[in-house]
Amino acid sequence: MNSTDIEQIVRKVLENIGNGSPDNKKSSGPIPTKSRVAMLTKPEHFDIREYNIPEVGDDDILVKVEGCGVCGTDAHEFKRDPFSLIPVVLGHEGTGEIVKMGKNVKKDSAGKPLAIGDKVVTCMIFKDNPDITMFDLNKQNVGGADVYGLLPDDDKHLNGWFADYLLVRGGSTIFNVSDLDLDSRILIEPCAVLVHAVERAKTTGILRFNSRVAVQGCGPIGLICIAVLRTMGVENIVAIDGENGRLEFAKKMGAGKTVNFKDYKGTEALAEAVKDAFGGYLADFAFQCTGSPVAHSNIYKFIRNGGGLCELGFFINGGDATINPHFDICSKEITIVGSWVYTLRDYVTTFDFLKRAKGIGLPLQELITHKFPLEKINEALETNLKMTGLKIAIVNE
Ligand SMILES: [Zn+2]
């Protein structure tokens, strides 16, 4: 073996160290000239269209899409175009592999090196606000910022993750997540919402290891909430929902006890049931994860004097909720926080949460109940609207 051989071996080894496990380096073959996108052209209808893959600029990254979750936001937009985005390529919970990048691209938004073959996710786009970096965003959420998958169509077209390729423009946030499997990567965005909610809850000083925590609503948001609490070491969790299937899932995610609200007549009986589930105590802290105003009104009755509440269920205006300020808040001295999307810091925390969840055996990947290929995207969105599954995902080949 001569010194050139050794040099080559060393270079190979270093390459692999820099790029995660070697199987991430699988080549995806030549890049085609065209990419399919799912363009929402009118309410309840995507067209599969083909566009030329545009030139990749010096600061840009071309990503081959592997998969993308369907979000409640996509479902709203699909149904009625409330954000007036049509025509639009949706899909913001996506992930894929870097197949080409401009010469100026070296690192991701957290400072990790980027290379061809790396698996990535995008977060927000701060093109017009270069002063925002991930570490001064600790207390600021990113609601209102641009995001791939909710951008108006333009001459590049590759603006959303419901496609074969995404063109990530310079100035966007991007993270190297090569050490996470595909299902975990698809779940990053919704999980970040819960990592943020739990961070918000922690600011009250009430949420601790041994807290009794009620989680109301066991859709994907509530279920992931339970998982985040479990990875933090919270043991005493009671899940509340109206569907036994979801409550069973809540147990798999780490809820110790469950309460089906349909089994109880009236708020008082329900509050008693929650108390029973905690062995005769009300909750120290509660997370409200439904979009129902009645559920918001009820939850105060489950919380002890001096307890805390995090409200995170209302992604859209669900109407007004009636509460009694005297009984529900004032005389109980409840501390309430609201939670909305996440910060960039939460996004990075989420990568660690997903590894920890896997480490303690929480079956997060089972949240993805349906997978559709891109050409069946209309069916995927209809399935989402029927609300028979949990997380619906588009997965390319
Ligand atoms: Zn989303």
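The rules behind each value
- Residues numbered from 1 in each chain as written.
- Predicted model: local features only at pLDDT ≥ 70, side-chain atom pairs only at ≥ 80, totals over all residues.
- Pairing = 2+ DSSP bridges.
- Helix = DSSP H or I, 4+ residues; strand = E, 2+ residues; numbered from the N terminus.
- Axes fitted to C-alpha atoms, helices over the stretch in contact; angles between N-to-C directions.
- Contact = placed C-beta atoms within 7 Å.
- Core = buried A, V, L, I, M, F, W, Y, C linked by C-beta atoms within 7 Å.
- Buried ≥ 20, exposed ≤ 12 C-beta atoms within 10 Å, placed from the backbone.
- Domains from an automatic or database assignment.
- Parallel < 35°, antiparallel > 145°, perpendicular 65-115°, else oblique.
- Nonpolar A, V, L, I, M, F, W, Y, C, P; charged D, E, K, R; others polar.

What follows deals with the sheet that holds strand β14 (residues 303-311). The strand order β12-β11-β10-β13-β14-β15 describes an open sheet built from six strands, whose pairing is parallel. A strand with exactly one partner marks an edge of an open sheet, and here the two such strands are β12 (257-260) and β15 (335-338). On average, each strand axis in the sheet is inclined to that of its neighbour by 20°, with strand direction left out of account. Summarising the sheet, strand β10 (residues 212-216) and strand β13 (residues 283-288) pair through four bridges and their orientation is parallel. Residue Gln216 lies in a different strand from β13, and its bridge partner there is Gln288. Helix-sheet contacts for helix α4 (residues 188-202) involve β13, β14 and β15, and the interaxial angle to β14 is about 145°. Docked against the sheet, helix α7 (residues 267-277) engages β10, β11 (236-241), β12 and β13, running at close to 170° with respect to β12.

Our next topic: the nonpolar core. Counting residues in hydrophobic clusters, the biggest one holds 114 residues, and the most contacted among them are Phe162, Cys225, Ile226 and Val274. A total of nine residues in this core trace back to one element, the largest contributor, which is α4. Viewed by domain, this core spans two of them, domain 1 (3-178 + 363-395) and domain 2 (191-338), each represented by three or more residues. The contacts of Phe162, once residues within four sequence positions are left out, are Val37, Ala38, Cys68, Val89, Leu90, Gly91, Leu374, Ile377 and Ile394.

Turning next to the packing of α4 against helix α10 (residues 344-359). The geometry of α4 relative to α10 is characterised by a closest axis approach of 8 Å and an angle of 105° between their N-to-C directions. Of the possible angle classes, the one that applies to α4 and α10 is roughly perpendicular. Together, Ile188, Cys191, Ala192, Val195, His196 and Glu199 of α4 and Asp346, Tyr347, Thr349, Thr350, Phe353 and Leu354 of α10 make up the contact between the two elements. Residues of the contact of α4 with α10, tallied by class, amount to seven nonpolar, three polar and two charged.

Treat this as a map of the structure, not an account of what it does.
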